[in-house]
Amino acid sequence: MSGRSVSSDLVTQNQPRKVKKCYHKANKNKNRQISKREIFNEQPVLIDNEKGKEGENKEEIKARKAKVPKEKDTFPQYIPETEIDKLLRNENSNETQYIEGQLRVNPWNREYAYLSFSDDQCDLLIIGLRDRNRAFDGDFVVARINQPEKWKMHQGYNQKTGVVVYIREKIHPRRTIGYFKENGKLFYPRDRRVPLVKISKKSLQRFGVCQNYKDILYLVVITDWRKPKFAVGQIEKIIGSIGDIKAESNAILLEYDLDVTPYSLDVTKELPSSDYSLTENDIKDREDWKDECIFTIDPDTAVDLDDSVSCKPLENGNYEIGVHISDVTHYVEFLSPLDIQVSKRATTIYMADNVYHMLPKELCQVCSLSPGQDKLAFSVIWEMTQDARVVNYRFAKTVIRSCCQMSYQHVQKMIENPEYNWPDNSINIDGNYKLNDLSIKVNILHNLAIQMRKRRFQNGALLIDQPKLCVRVDRITGLPISYNIEEQQDSNRLIEEFMLLANMTVATHLYNVIPETALLRNHREPSKRILSMTQEMLQKFGIHLDIKSSRSLHASMKHCEEGLETEDDERRIIMKYRMMVVNNLCSRAMTRATYICSSTVKAEEELRHYALNISVYTHFTSPIRRYSDCVVHRLLYSTLRNIDMPKEWTKSLCKSIAANCNIKKYNAKMAQERSNELYFTYLIDLKGPIVTMGIVFSVHESLINIILCQFGIKLRVSFTHLENLALVEYSSECSIPTINISWKQPAITQVINVFTLLHLRVEKHPESFQLIGTLLPPTQGIEI
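Residues numbered from 1 in each chain as written. Predicted model: local features only at pLDDT ≥ 70, side-chain atom pairs only at ≥ 80, totals over all residues. Heavy atoms only, no water.

An unreviewed UniProt entry annotates the protein chain as DIS3-like exonuclease 2 isoform X2 originating from Bombus bifarius.

Here it is as structure tokens:
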């Protein structure tokens, strides 16, 4: 879960018969499987299977053995919490025996799980379901480190192994999506990180599994896990038929434990209607900005408009710049029934086929900064010089009236053609403003944003671009009709810079005023070990990364991109694909940004945001779609009014909200990606297999990992289908993993390593909604 799953390379799949394994003889013993008894430092118990104890007959021997379960069929006992806390407090940093953290289970094989060390060692490896000891992916656990003789050799490194001895917090919902086979006796989760599940007979009968279970998806809740081989559970609901696009989409939401049920009337009955008009009480004590030129810039499909901007030249030559954010918390009282429900959802969910709003739909409409309507806002207002330096700033509760809802495409045209004489009817504008007025303001903001962005990266910010696939779904038929790779343009970057500035300004203020209970967003430093491995590997391909800091890493990655600035179209495209690999490899070392209560860190340095290279950061600019921003609004308002938050607001509550926001934000992100891949796979299935190009980003003995160049999708491609078509050999000479494929037809040898471009046939898996890639023989020249 932390984005550091480099240890997944430990898992090997069945090798094709003609794959040559190149192991060194000296490593044979080091690579042997570790027995579970060795892990627990136990001595083997020798049992005479023939004689038993004196005087026992065969039936008595059998009965005695039945009462003593075999070690592999039982879990080790947990260490009590009080003892765990004592052990952790007394740990010697030079002789660590216990570590705690968030468990990450290998997404390809549930038998391998990992915990990260705080000092950037190679992950602690946990082998087997027994050693996981009933913990699931994402749980916060404590693990005991095994003795050195029980460790595992991996890539020339003696990797520490361990066993979970306590579950500090169960994060995983213990619910899973899957299907039955073998006459409906055992449940097979689609998520390979989840154990097989034995379903109670009563539950099987209730849902008619014994009569009809084929090609049906079920939601199962895991109620117990008594033996390592499988857990115990019961069916919660039938989702639908495997292959039905709606059922598959719903399965993604359920798998990530995302609540999309409509709000009940009990919590929404007192909300204002969608055509609500502001009252005198609403606008009391607010600054009146209704006559100012304020406008929104969003995707052309956006419905929830929660941020707007303004720009006004001042007499001294500076600019008054405003970011005006929807004042959601004016309508949602802290810890009201509605607030509690919203806090649980924590985020809006963007699926390919639908948007599931965090707020009730009617409240979204009331809060959205629609043009020509009086709306409540929370504003950050700066005075900025012409070279984009902040002279001063302030915060204000305001009432605004946006004059225009512009799309990124509109703004991009204004940036590209600042002198263009815009026809007045090309965009709807409310008030006494013309389109040329907006174009002037947009270009002022653009020029400021360019300078802000340049200075931000000079100060050490880091950006790792990765392609994002978006699929367009027909709202009537519910079927995918097209796709595109989302690209950042100047118009996107304009808004990004001012939203970042607003978030940074609010974070600095909150931490200065309420350092104990500020809700902040941190980004810890990446794994130096993984970055070093990436640096060393790329060096062999002539790519030099400086990993000393975020500033140096960004500068060296930008240097790699210089190959894109060429008149040679083919070289530019190849360099673009190579940068996909570089970005992907670097991103594997990065940690995930998280929300955090400011008082829960041991040192102020832990609040830093690595990618932005700033001391504190938070989220303030999207309260319609993020609950974290609603919390930050309340905290900011309390400091401006010089009043305390309600007594219920404590460090504990802040920490709890941060943790839930982290989980829901990550799950919503993963669901969005899965949704787009689902509908893209469906689109491929409708149109039939495609031949496309992929670029390799990692090489293993039996498979390669590639990025589909035109789609940004990652695929694992195995060589099992080549058994009768080619001879496949693996080598790692000069520490460069390489696959040599000797094709029979055409008679040609293909050398594959990182950055190799390949032709692939991509199609839907015959039994699941997954893409599979089949390697095709090379042609005399790859068409770009």
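Draft legend 1. Representation of a positive patch on the surface. Among the surface-exposed residues, Lys72, Lys198, Lys227 and Lys229 lie close enough to one another that they form a single positively charged patch. Within the secondary structure, Lys198 sits in strand β11 (residues 197–199). (Patch = residues over 30% accessible without salt bridge, like charges linked within 9 Å, V, L, I, M, F, W, Y side chains within 5 Å. Areas by Shrake-Rupley, 256 points an atom, 1.4 Å probe, with all protein chains shown as cover. Salt bridge = Lys/Arg side-chain N within 4 Å of Asp/Glu carboxyl O. Lys, Arg positive; Asp, Glu negative; His and termini not counted. Charge placed at Lys NZ, Arg CZ, Asp CG, Glu CD. Helix = DSSP H or I, 4+ residues; strand = E, 2+ residues; numbered from the N terminus.)

Draft legend 2. Expanded view of the sheet that holds strand β5 (residues 140–145). Spatial ordering of the open sheet is given by β1-β5-β8, a layout of 3 strands whose pairing is antiparallel. Two strands close off the open sheet at either side, each with one partner strand: β1 (98–102) and β8 (162–169). Strand-to-strand twist of the sheet, defined as the mean angle between neighbouring strand axes without regard to direction, takes the value 30 degrees. Here β1 pairs with β5 via 5 bridges, running antiparallel. When the bridges of β5 are listed, Gln102 appears paired with Phe140. Set on the sheet, helix α3 (residues 81–89) makes contact with β1, β5 and β8; between it and β8 the angle comes to about 115 degrees. (Pairing = 2+ DSSP bridges. Axes fitted to C-alpha atoms, helices over the stretch in contact; angles between N-to-C directions. Contact = heavy atoms within 4.5 Å.)

Draft legend 3. How the structure looks around the environment of Gln770. Within the fold, Gln770 resides in the loop between β33 (757–764) and β34 (771–775). Here the alpha-carbon distance between Gln770 and Glu677, two residues 93 residues apart in the chain, equals 8.1 Å. Once residues lying within four places of it in the same chain are set aside, the contact partners of Gln770 are Thr681, Glu763, Lys764 and His765.

Draft legend 4. Fine view of the packing of helix α12 (residues 435–458) against helix α13 (residues 490–513). It is the contact of α12 with α13, at a shortest axis distance of 9 Å, that shows an interaxial angle of 70 degrees. Between α12 and α13, the angle is such that the two are roughly perpendicular. When the axes of α12 and α13 are compared, the crossing they make is left-handed. Contacts between α12 and α13 involve Val442, Leu445, His446, Leu448, Ala449, Met452, Arg453 and Arg456 from the former and Asp490, Arg493, Leu494, Glu496, Glu497, Phe498, Leu500 and Leu501 from the latter. The residue makeup of the contact of α12 with α13, split by class, is 9 nonpolar, 1 polar and 6 charged. (Parallel < 35°, antiparallel > 145°, perpendicular 65-115°, else oblique. Left-handed = near helix turned anticlockwise from the far one by under 90°. Nonpolar A, V, L, I, M, F, W, Y, C, P; charged D, E, K, R; others polar.)

Draft legend 5. Structural detail: the packing of aromatic side chains. Tallying each qualifying case throughout the model produces 15 aromatic pairs. Aromatic side chains Phe334 and Trp649 sit 6.3 Å apart centroid to centroid with 70 degrees between the ring planes, which places their arrangement in the edge-to-face category. One end of the pair, Phe334, is in the loop between β17 (319–326) and α9 (337–345); the other, Trp649, is in the loop between α17 (627–640) and α18 (651–687), with 315 residues separating them in the sequence. Assessed through its relative accessible area of 16%, Phe334 is described here as buried. When the ring of Tyr483 is compared with that of Phe711, the centres are 5.3 Å apart and the planes differ by 65 degrees; the resulting orientation is edge-to-face. (Phe/Tyr/Trp six-rings, centres within 6.5 Å; stacked < 30°, edge-to-face > 60°. Buried < 20%, exposed > 50% of the residue type's maximum accessible area, 1.4 Å probe, protein only.)

Draft legend 6. Fine view of helix α15 (residues 550–560). Along α15, the residues classified as buried are Ser550, Ser552, Leu553, His554, Ser556, Met557 and Cys560. On its buried side, α15 packs onto α12, α14 (528–539) and α16 (569–587).

Draft legend 7. View of the sheet that holds β17. Pairing within the open sheet is mixed, and its 7 strands lie in the order β14-β21-β20-β17-β16-β15-β22. The open sheet terminates on both sides in strands that have one partner only, identified here as β14 (287–289) and β22 (404–407). Direction aside, the axes of adjacent strands within the sheet are offset by 35 degrees on average. Where strand β20 (residues 374–384) lies against strand β21 (residues 390–401), 11 bridges are found, and the strand directions are antiparallel. Of the residues in β21, the one forming a bridge with Ser379 is Ala396. Across the sheet, α17 is in contact with β17, β20 and β21; its angle to β20 comes to roughly 70 degrees.

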